[in-house]
Amino acid sequence: MAALEIDLFLCRSDNFGVLVHDPASGATASIDAPEELPILEAVDRRGWNLTHILTTHHHGDHVAANVSLKERFGVTIIGPKGEAQKIPGLDKAVGDGERFDFAGHPIEVIETPGHTAGHICYYFPKDKLLFAADTLFALGCGRLFEGTAETMWQSLGRLMALPDDTAVYFGHEYTLSNAHFAVTVDPDNTALRERAAEIEETRSDGGFTAPTTIGLEKRTNPFLRAADLKIRANLGMEKASDAAVFAEIRKRKDQF
């Protein structure tokens, strides 16, 4: 099986556009469809033909170009069962635990409610790829628009259970702001401070911070580290549940 090729670019102001291309078959999937023009430019630049859109959730900045791209390319749009009525142009609804094939590459659907009630992530186990959209960011996680902290903590736990070397592509370039916040919660984490310095340099040079890995996030992302004793002490929550610690971290980020 040929290795997948990935093209990463910005849409709107801070959304990531991602194209996943199988060179053997020519199949190309857009992970969500934030904005038509940047996706068209990427497809043209690479000489690819768009065949699929893999939708993670219903927010407008992730589905805005669904219909226009379907009209132009005749793409198949796959998206979450829990939000099927909210996904423009949806052809196939998939739910938690379902598996389907993309040009010979198996995909597993992981339901991760919290940011929205029906948010899903796409996991390519053989390719060691996770497309997490607005559930997990580099050094962050999505806001809780349609779920509780407990729900989101459980969703993040499912992603943390994936292999550490899984490459994670996420929905927004929020990493610099996330880094500034993270060090306020986890100031004694040397790996985090080193990473924050690298992120400052990467962004000042105009580079992207995606992808990350599950292992790196587990070491440095405070939203995944609610069990860490130093974080708990810093928050004054030594005896609280992991979900309660996570909720406090999310609350502080919302106010940061």
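Worth saying up front: this structure is predicted, and the values here are computed from it rather than measured.

Draft legend 1. Structural context of empty space enclosed by the protein. Within this structure, the stated rule accounts for 1 cavity of 30 Å³ or more. The computed volume of the largest cavity comes to approximately 80 Å³. Lining the largest cavity, in full, are Phe16, Val18, Ile31, Asp32, Pro34, His62, Phe131, Ala132, Ala133, Tyr169, Phe170 and Gly171. Looking at the lining of the largest cavity, the elements that each hand over two or more residues are strand 2 (15–21), strand 10 (129–133) and strand 13 (167–170). A total of 3 residues in the lining of the largest cavity trace back to one element, the largest contributor, which is strand 10. When the residues that make up the lining of the largest cavity are grouped by side-chain class, the tally is 9 nonpolar, 2 polar and 1 charged. For the lining of the largest cavity, the two domains that each supply at least three residues are domain 1 (1–93) and domain 2 (112–255).

Draft legend 2. Broad picture of the UniProt feature "domain: Metallo-beta-lactamase" (unreviewed entry) in the chain. Per the UniProt entry, the sites bearing "domain: Metallo-beta-lactamase" (unreviewed entry) are residues 14–172 in this numbering. Along residues 14–172, the helical share is 22% and the strand share 32%, with 5 Å between the first and last C-alpha atoms.

Draft legend 3. The arrangement of the pattern of salt bridges in detail. Per the counting criterion, the structure on display carries 18 salt bridges. The salt bridge partner of arginine 46 is aspartate 7, with a shortest N-O separation of 2.9 Å. Residue arginine 46 is found in helix 1 (residues 36–46), and its partner aspartate 7 is found in strand 1 (residues 5–11); the two are separated by 39 residues along the sequence. Exposure remark for arginine 46: the relative accessible area of 32% places this residue in the partly exposed category. The partner of aspartate 164 in a salt bridge is lysine 218, with the nearest N and O atoms 2.8 Å apart. One end of the pair, aspartate 164, is in the loop between helix 4 (149–160) and strand 13; the other, lysine 218, is in helix 7 (residues 214–220), with 54 residues separating them in the sequence. Sharing partners across several salt bridges, the network here consists of Glu5, Asp7, Arg45 and Arg46.

Draft legend 4. A look at the nonpolar core. Counting residues in hydrophobic clusters, the biggest one holds 28 residues, and the most contacted among them are Leu130, Leu136, Leu156, Leu159, Leu162, Phe246 and Ile249. Listed by contribution, the elements that provide at least two residues to this core are strand 9 (120–124), strand 10, helix 4, helix 5 (175–185), helix 8 (229–235) and helix 9 (242–254). When near neighbours in sequence (up to four residues on either side) are disregarded, phenylalanine 246 contacts Cys141, Ala149, Met152, Trp153, Leu156, Phe223 and Ala226. One finds Leu8, Val18, Tyr122 and Phe137 within the second-largest nonpolar core, a separate group that totals 26 residues.

Draft legend 5. Structural view of the layout of surface pockets. The computed volume of the largest pocket comes to approximately 210 Å³. In terms of lining, the largest pocket is formed by 14 residues, of which the most central are Phe137, Cys141, Gly142, Arg143 and Tyr174. The dominant element in the lining of the largest pocket, judged by the number of residues it contributes, is helix 9, at 3 residues. Here the residues of the lining of the largest pocket sort into 4 nonpolar, 4 polar and 6 charged.

Conventions used here
- Residues numbered from 1 in each chain as written.
- Predicted model: local features only at pLDDT ≥ 70, side-chain atom pairs only at ≥ 80, totals over all residues.
- Heavy atoms only, no water.
- 1 Å grid on protein atoms, 1.4 Å probe; cavity = no way out; pocket = protein on both sides within 12 Å on 5 of 7 lines; lining within 4 Å.
- Points joined across faces, edges and corners; volume = space filled by probe spheres on them.
- Helix = DSSP H or I, 4+ residues; strand = E, 2+ residues; numbered from the N terminus.
- Nonpolar A, V, L, I, M, F, W, Y, C, P; charged D, E, K, R; others polar.
- Domains from an automatic or database assignment.
- UniProt positions renumbered as here; feature names shortened; annotations may be inferred.
- Salt bridge = Lys/Arg side-chain N within 4 Å of Asp/Glu carboxyl O.
- Buried < 20%, exposed > 50% of the residue type's maximum accessible area, 1.4 Å probe, protein only.
- Core = buried A, V, L, I, M, F, W, Y, C linked by side-chain atoms within 4.5 Å.
- Contact = heavy atoms within 4.5 Å.

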